[in-house]
Amino acid sequence: MYGRTNRGRWTLVVAAVLAVALFAVPAGTKDAQVGGFESGDEASGGSRVVAPTIWFQGYLADADTGDPLSGLYNVEASIYLVELGGVATWGPELHINTMLADGWFNIELGESVALPAFDDPPYYLQLEIDGEILSPRQKLGSVPSAFHANDVYWPDGDWMIYPGGVYRTTGNVGIGTSSPFGRLEVEAGDEPGVIVANTGSFGALTLEVSNTADGSAAGFYSQVGPMFLPVNPTAVFGYGDDGADGCFIHGADGGKGVFAQSSEDGPALYARALDSGYSGYFTGGNGVFATSAAEEGGWFESSNFSSNTIGLYGQYSGPSEFGADPIGVGGYSRPMDWFGVGGSFRGGWRGVIGEVYVTGAGGYQGVVGIVDGGTGDNMGVSGYATGSGYNTGVYGYAANGSTNYAGYFSGDINVTGVIDAAAVTIKRDHPLDPANRYLTQWAVESAEMTSVLNGNVVLDAGGAAAVEIPEWFEATTRDHRYQLTCVGGFAPVYVAEQITGGVLRIAGGEPGMMVSWQVTGVRSDALAQSERVAVESGKPADERGKYVMPGLYGRPESAGIGYRGADEARQQKLREAQDARRNRVAEEDSGTGLVPASVKR
């Protein structure tokens, strides 16, 4: 916003921006706790904290000379619903003796007059400086905290709404029907009746259905063909001879398709495949749901010795549509918050392999790690390696693309050790053409761990200046080196006194001359002392004869440090095995009706 008003001998020019802190509780703001509860209610989900005020920052300068103004001024702020004319919907709020320092000033809107709810935009801010109105008014935009959120947590009739959720204690709820038969009844046409989604990682069930009533289930035995008894006692047993299904169970009218229970050590459900048959084949709805009081809720084992052997195989073979992500195998374990592992895998070579074989041009991910919510130390992916050999906690490799990143991080990176890199560049959008070009620069290399300070200073009437140096710089560096450059002229400026007590003194210049100064120092803090490295060193035995970038020296990729030749060979075998599985799936019958088709291998 730029406003101009004539004030006696000088002109005020104001350039103001709305400054909003991007964190939960900005320092120096007056905070308000959002959330209301009836007497006796407790907030199970916590409450939000929003700031009921807005910081406004402005800059005042002389319109003719451009010099910033300093001193005390009275600032009056008002908010209008229109850009010109009209009556103020908020204010005026007077900020007496507002301090200007080199043109800049800050005021806190809402400090003495409560701000409006901001529920009928647009809104325009008008400032008046010592009785002079600045023009035009500034249109206000969105802010991270919503003042209108103060009223969303109050009870609403028979529905209770609070930070932890929403509930009602009596009556039934119907969707698509005005006369629900049960506590919740959904009637739908061609669209899905109920869709349940879950983005949580700790303690959030996508759908929980339970029945706490007393009940029992008798043992079940069925056979087609000659007598064939199970080896171990089972709650449910079925046998089919030569092409017949051993057991087909359909639950109707509220019954269960299968309910099996076993006490002591016997399995509730036991299945065994002879030759190349499947121990279990499930289609439709929820394929398998099993609970157990033993240490192993389910046990799958194969004694087949083959590169294609899979102890447990899960596959989705239904229809596809955009936005749907069916899961082949899912695991869940959360006895309580901060405990439980959704899946654990151990292997003699690799614990987990995530494969995505694609032909499209979308975005694909072999492995995804997600931690959502919580206020502790969240890690999407955690990797570590221990041993006496070449250990790598997290390893990334990319090749054959137009752009190849072995690691891509959207956000800050924290490294507590030493970073080894053959080359370091800084790449960003080109400031002159950010939409179409990049600006790539090399990082500065040094044989020493060096800290650098620099700036500009204007010499006083005696041609000297005292530059304030941060306390941490003098405490954490040694062997200081200085550079001074005169701007706009020549003078024999020199360092009159090295850094002492947080001050660097410069002399020998002309009054009012600007001097650019730079100070470097070798880091001497505890971390720097512990992480000293030799500038030149020999390669360890297991890296001799290998290269960081073998292509620069005419060497093949296999001569690179960290080259995983065996991994690539195994990966090729895995791809071949995956292709073989795809071919088998393509040959299987799809099946129709309620009776599953025979499975071919």
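Residues numbered from 1 in each chain as written. Predicted model: local features only at pLDDT ≥ 70, side-chain atom pairs only at ≥ 80, totals over all residues. Heavy atoms only, no water.

Moving on: the overall build of the protein. For the protein, the helix and strand inventory stands at 3 helices and 26 strands. For the protein, the proportion of its 601 residues judged to be buried stands at 17%. Long-range contacts, defined here as pairs at least 24 residues apart, represent 54% of the contacts in the protein between residues at least 6 apart. Carbon and sulfur atoms provide 50% of the accessible area of the protein, an area that totals close to 43,700 Å². (Helix = DSSP H or I, 4+ residues; strand = E, 2+ residues; numbered from the N terminus. Buried < 20%, exposed > 50% of the residue type's maximum accessible area, 1.4 Å probe, protein only. Contact = heavy atoms within 4.5 Å. Areas by Shrake-Rupley, 256 points an atom, 1.4 Å probe, with all protein chains shown as cover.)

Membership of the largest hydrophobic core comes to 20 residues, with the highest contact counts inside it found for F56, I79, F105, I107, L109, L125 and L127. At the level of secondary structure, the elements contributing two or more residues to this core comprise β6 (54-62), β7 (71-80), β8 (90-100), β9 (104-109) and β10 (124-129). When residues of this core are assigned to their parent elements, the largest contribution, 4 residues, is made by β7. Excluding residues that lie within four positions of it along the chain, I79 makes contacts with A88, T89, W90, L115, F118, Y123, Y124, L125 and L140. Counting 17 residues, the second largest nonpolar core, distinct from the first, contains L453, F473, I499 and M513. (Core = buried A, V, L, I, M, F, W, Y, C linked by side-chain atoms within 4.5 Å.)

Here we take up the environment of A466. Within the element layout of this structure, A466 appears in strand β22 (residues 465-468). Considering only alpha carbons, one finds A466 and I499, 33 residues apart in sequence, at a separation of 9.9 Å.

Further remarks concern the pattern of salt bridges. According to the stated counting rule, one finds 5 salt bridges in the structure shown. Among the salt bridges present, the one from R505 reaches E497, with a minimum N-O distance of 3.5 Å. Note on R505: relative accessible area 38%, which makes it partly exposed. (Salt bridge = Lys/Arg side-chain N within 4 Å of Asp/Glu carboxyl O.)

The buried fraction of strand β25 (residues 503-507) is high, at 4 of 5 residues. Sheet analysis places β22 next to β25, joined by 4 bridges and oriented antiparallel. By the bridge assignment, E468 is partnered in β25 with V503. Taking the residues between adjacent antiparallel strands as the criterion, strand β24 (residues 494-500) and β25 are bridged by 2 residues, where G501 takes a positive phi near 60°. (Pairing = 2+ DSSP bridges.)

Moving on: the packing of aromatic side chains. Taken as a whole, this structure holds 6 aromatic pairs when the rule is applied. Consider the rings of Y405 and Y408, whose centres lie 5.5 Å apart with planes at 65°: the pair is edge-to-face. Accessibility expressed as a relative area gives 64% for Y408, which makes it exposed. Taking 5.8 Å as the distance between ring centres and 75° as the angle between the ring planes, the aromatic pair formed by W472 and F473 counts as edge-to-face. You can call W472 partly exposed: its relative accessible area is 48%. Note on F473: relative accessible area 0%, which makes it buried. R137 extends its terminal NZ or CZ atom over the ring of Y80, reaching a point 3.5 Å from the ring centre. Lying across the ring of Y547, K539 places its NZ or CZ 5.3 Å from the centre. (Phe/Tyr/Trp six-rings, centres within 6.5 Å; stacked < 30°, edge-to-face > 60°. Lys NZ or Arg CZ within 6 Å of the ring centre and 35° of its normal.)

Before going further, it helps to spend a moment on the sheet that holds strand β23 (residues 477-487). Pairing in this open sheet of 3 strands is antiparallel, and the strands run β21-β26-β23 from one edge to the other. Only two strands of the sheet have a single partner each, and these edge strands are β21 (450-458) and β23. Averaged over all pairs of adjacent strands, the angle between strand axes in this sheet comes to 15°, irrespective of strand direction. Looking at chain direction, β21 and strand β26 (residues 514-523) are connected through 9 bridges and run antiparallel. (Axes fitted to C-alpha atoms, helices over the stretch in contact; angles between N-to-C directions.)

On to unusual backbone geometry, then. Following P121, the chain continues to P122 via a peptide bond in cis, the omega torsion being 10°. Checked against the element boundaries, P122 lands in the loop between β9 and β10. In this chain, S135 is followed by P136 through a cis amide linkage whose omega measures 5°. With respect to the element layout, P136 can be found in the loop between β11 (132-133) and β12 (138-139). Located in the positive-phi region is D102, a residue other than glycine, with phi close to 55°. On the secondary structure map, D102 appears in the loop between β8 and β9. Although it is not a glycine, D479 sits at a positive phi angle of roughly 50°. Among the structural elements, D479 can be located in strand β23. According to the relative accessible area criterion, D479 is partly exposed, its value standing at 42%.

A contiguous nonpolar patch, built from F409, I413, V415 and I419 and spanning about 440 Å² of accessible area, is present on the exposed surface. Here V415 shows up in the loop between β18 (236-240) and β19 (425-429). (Patch = residues over 30% accessible without salt bridge, like charges linked within 9 Å, V, L, I, M, F, W, Y side chains within 5 Å.)

Here D525 lies in the loop between β26 and α2 (526-530). The buried category is assigned to D525, whose relative accessible area is 17%. Within the structure, the side chain of D525 is placed 3.0 Å from the side chain of R523, a separation counted as a polar contact. (Polar contact = N/O pair within 3.5 Å; in protein donor to acceptor, adjacent residues only side chain to side chain.)

With that settled, consider the sheet that holds β24. Strand order in this open sheet of 3 strands is β22-β25-β24, and the pairing throughout is antiparallel. The sheet terminates laterally at β22 and β24, the two strands that pair on one side only. Between one strand axis and the next, the sheet turns through 15° on average, direction left out of account.

What follows covers the confidence of the model for the protein. For the protein, the mean per-residue pLDDT works out to 75, and 69% of the residues sit at or above 70. This stretch, residues 147-156, has a pLDDT under 50; its non-local contacts, to residues over four places away or in other chains, come to 26 contacts. Residue range residues 589-601 is modelled with pLDDT below 50. Its contacts to residues more than four positions away, or to other chains, number 19 contacts. (pLDDT = per-residue confidence, 0-100.)

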